[in-house]
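Residue-level structural notes
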Amino acid sequence: MDKNGSAFSDSVDRMFETAAEILDLSPDLREKIRVCNESYTTRFGVRLKGRLHTFTGWRAVHSTHSKPVKGGIRFSSRSSLEEVETLAALMTYKCSLMGLPFGGAKGAVAIDPSEWDRADLERITRRFTQELSRHSFMSPAQNVPAPDMGTNETTMRWMQDEYSRLYPNEINADAVVTGKPLTSGGIEGRIEATGRGVQLAINECVKNPPPEQADRLPKTLEGARVIVQGFGNVGYHAAKSLVESNGSRIVAVLDRDGAITDDAGIDVDGLRQYMDRHGGVAGYPVGEFHDPDQAASVLQSDCDILIPAAGELTITEDIARNLRASLLVEAANGPVGYEADAILRSRNVTVLPDLFVNAGGVVVSYFEWVKNLSHMPFGLMQRRHHENVSNVLAKSLETMTGQPFPADAAAHFLSGPKEIDLVRSGLEEIMHSVYVQMMNQLVATPEIEDLRTAAYYIAVRRIADAYAAIGI
């Protein structure tokens, strides 16, 4: 059993139990909600470069209180069944909190994708898809994967295509996975969604902070000093959104091979392009480089906001004791363990929990899934009507006032909403409404001490209610 995986599982279980205790759920109902419903392990063979390789993969379904179940597929040599089951539980709680009609699932293949070329990865992915489909662990109505660590929209396209070959008469085959390329039934804004959701979560917290921590948090995000741990898709888009939308300053970026610090503010796009070419931050010509063994000291350096976007349990108890950030934002799944969380709470550090913060990806995946089931692009039916109505209104105002419609407002006001506009608007609305629910629960329930417990409380209560409605 993987030691880190066990600690991660134990941490999530203890957070769940805290909420379940406040809800006063019976022990038998707690156990039903807590455990993973079913897990599938497959050891499948793929012939690559003249040799037969055997790979291990998993798909875990945590809860089917709502269907289909939803959750990513990751390619990681460190994956294990316990990790997959724990991540599936987090997906259940996350979807419940966000009000999405999904149960939680997760999947993984135990490989390091950097060790295989594109053609090999395609064959591995297609064989894994065959195994999942054959045992009903992939279906638009039952089990819908998405990208995760080590996978991307290309991986999802291979899975979608293989499923379509296996089930040629399935009219909703496009909806079998989300996070696809736009040319294959994807949706605009999906790649940026999780990172953009991180930025929206931070916005909500700064505008409406928890009462007891309001004095410690930044009053504005303009010029706020931000440290980002993990500069993959989520970390990059979170940083980019904070810089472009809020004028924040990224003062440190940590990745696998070290860290870059620059108090003047790191060029987010410049660093991302450098990493794409060189595979890491080492050698980046601007700012100061720090070796990986200095990562803890960088995380503990002075800043307003820390965004762990790397992996599970990266914020250790030692780091938590010396953290100087006033706001920690969990862009990754489970970066703060139960004990570290207690330390941060005792130090009055605000923690925005992963159930909420990184839900942007599954929210926009929901939009994509609905788009695929409707077989109609978002905005098709209303865009031209919106433009016509807006133009009539603008001309009426010009006639009434004798003045031309302001040119700086015309481009936005007179154009109908595109798909990306609707996706971003929908994501912002859900992030706002859920944050308000968490804050209201925090204020209304004396036993709830922090936003994480508020998030679990709301999520677990809804799952319990769903089970009660069907007589469980």
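All values derive from a computational prediction rather than experimental measurement.

Some details on the pairing of strand β7 (residues 249-255)
Taken across its seven residues, β7 has five buried, putting it largely inside the fold. Both strand β6 (residues 225-229) and β7 contribute to a ladder of five bridges, which runs parallel. From the neighbouring strand, Arg-225 faces β7, where its bridge partner is Arg-249. Where β7 meets strand β8 (residues 258-261), four bridges bridge the pair, whose relative direction is antiparallel. For Asp-255, the partnering residue across the bridge sits in β8 and is Gly-258. What sits between the antiparallel neighbours β7 and β8 is a turn of two residues.

So, helix α7 (residues 233-246)
A rise of 1.5 Å per residue sets the reference length of α7, with its 14 residues, at 20 Å; its end C-alpha atoms lie 19 Å apart and thus fit the reference within 8%. Those residues of α7 not exposed but buried are Val-234, Gly-235, Tyr-236, His-237, Ala-238, Ala-239, Lys-240, Ser-241, Leu-242 and Asn-246. Tucked into the core, α7 has its buried residues touching α6 (190-207), β6, β7, α8 (268-278) and β10 (305-308). Within two residues after α7, Gly-247 carries a phi angle of roughly 70°, on the positive side.

So, the sheet that holds β7
A sheet is described by the order of its strands in space; here seven strands give the open sequence β9-β8-β7-β6-β10-β11-β12, paired in mixed fashion. Across the chains shown, the open sheet's two edge strands, defined by having one partner strand only, are β9 (288-290) and β12 (350-352). On average, each strand axis in the sheet is inclined to that of its neighbour by 15°, with strand direction left out of account. When β8 meets β9, the two strands line up antiparallel, connected through three bridges. The partner of Ala-259 across the bridge, within β9, is His-290.

Thoughts on the environment of Arg-123
Inspection of the secondary structure assignment puts Arg-123 in helix α4 (residues 118-134). For the pair Arg-123 and Asn-203, spaced 80 residues apart in sequence, the C-alpha to C-alpha distance is 42 Å. Within the structure, Arg-123 has its side chain in polar contact with the backbone oxygen of Arg-47 (distance 2.9 Å).

Observations concerning the packing of aromatic side chains
Counted by the stated rule, this structure contains 14 aromatic pairs. With centroids separated by 5.2 Å and ring planes inclined at 10°, the aromatic side chains of Tyr-40 and Phe-137 adopt a geometry described as stacked. With Tyr-40 in strand β1 (residues 38-48) and Phe-137 in the loop between α4 and β5 (143-147), this pair connects stretches of sequence that are 97 residues apart. Given the relative accessible area of 12%, Tyr-40 is considered buried. Taken together, a centroid distance of 5.8 Å and an interplanar angle of 85° make the contact between Phe-102 and Tyr-366 edge-to-face.

Let's talk about the pattern of salt bridges
Scanning the entire structure with this criterion turns up 39 salt bridges. Taken together, the shared-partner salt bridges connect Glu-330, Asp-341, Arg-345, Asp-354, Glu-449, Asp-450 and Arg-452 into one network.

Let's talk about α4
Between its first and last C-alpha atoms α4 spans 24 Å; for 17 residues at 1.5 Å apiece the expected length is 24 Å, and the two agree. For α4, the full list of buried residues reads Asp-120, Leu-121, Ile-124, Thr-125, Arg-126, Phe-128, Thr-129, Glu-131, Leu-132 and Ser-133. Contacts from the buried residues of α4 go to β1, β2 (51-61), β3 (69-75), β4 (103-109) and α5 (153-166). Measuring from the side-chain oxygen of the N-cap residue of α4 to the backbone nitrogen of Ala-119 gives 3.3 Å; that N-cap residue is Asp-117.

Let's talk about the sheet that holds β4
Ordered by their spatial adjacency, five strands build an open sheet running β1-β2-β4-β3-β5, and the pairing between neighbours is mixed. The open sheet has two edge strands, β1 and β5, and neither has a second partner. For this sheet the average axis-to-axis angle between neighbouring strands, irrespective of direction, equals 25°. Where β3 lies against β5, five bridges are found, and the strand directions are parallel. The partner of Lys-70 across the bridge, within β5, is Val-144. Sheet contacts for helix α3 (residues 81-98): β1, β2, β3 and β4; angle to β4, the most-contacted strand, approximately 150°. Set on the sheet, α4 makes contact with β1, β2, β3 and β4; between it and β1 the angle comes to about 140°.

Quick notes on the environment of Gln-130
Of note, Gln-130 is situated in helix α4. Judged by relative accessible area, which is 27%, Gln-130 ranks as partly exposed. In this structure, the C-alpha to C-alpha distance between Gln-130 and Glu-162, residues 32 residues apart in sequence, is 7.3 Å. Residues within four places of Gln-130 in sequence aside, it is in contact with Glu-162 and Leu-166. A distance of 3.2 Å separates polar atoms of two side chains, one belonging to Gln-130 and the other to Arg-127.

Observations concerning unusual backbone geometry
Between Lys-67 and the following residue, Pro-68, the backbone shows a cis peptide bond with an omega angle of 0°. Along the chain, Pro-68 falls in the loop between β2 and β3. Phi at Asn-348 takes a positive value of approximately 65°, unusual for a residue other than glycine. For Asn-348, the location among the structural elements is in the loop between α11 (338-346) and β12. Despite not being glycine, His-375 has its phi angle at roughly 60°, a positive value.

Re the environment of Thr-350
Within the secondary structure, Thr-350 sits in strand β12. Spatially, the C-alpha atom of Thr-350 lies 9.4 Å from that of Glu-212, the residues being 138 residues apart in sequence.

Topic: a nonpolar patch on the surface
A cluster of nonpolar side chains, Met-376, Leu-380 and Met-381, forms an exposed patch at the surface whose accessible area comes to about 330 Å². Looking at where Met-381 falls in the secondary structure, it is placed in the loop between α13 (360-374) and α14 (383-401). Residue Met-381 is classed as exposed on the basis of its relative accessible area of 64%.

Here is what the cut-offs are and how they apply
Residues numbered from 1 in each chain as written. Predicted model: local features only at pLDDT ≥ 70, side-chain atom pairs only at ≥ 80, totals over all residues. Heavy atoms only, no water. Buried < 20%, exposed > 50% of the residue type's maximum accessible area, 1.4 Å probe, protein only. Helix = DSSP H or I, 4+ residues; strand = E, 2+ residues; numbered from the N terminus. Pairing = 2+ DSSP bridges. Expected span 1.5 Å × (residues − 1). Contact = heavy atoms within 4.5 Å. Axes fitted to C-alpha atoms, helices over the stretch in contact; angles between N-to-C directions. Polar contact = N/O pair within 3.5 Å; in protein donor to acceptor, adjacent residues only side chain to side chain. Phe/Tyr/Trp six-rings, centres within 6.5 Å; stacked < 30°, edge-to-face > 60°. Salt bridge = Lys/Arg side-chain N within 4 Å of Asp/Glu carboxyl O. Patch = residues over 30% accessible without salt bridge, like charges linked within 9 Å, V, L, I, M, F, W, Y side chains within 5 Å. Areas by Shrake-Rupley, 256 points an atom, 1.4 Å probe, with all protein chains shown as cover.

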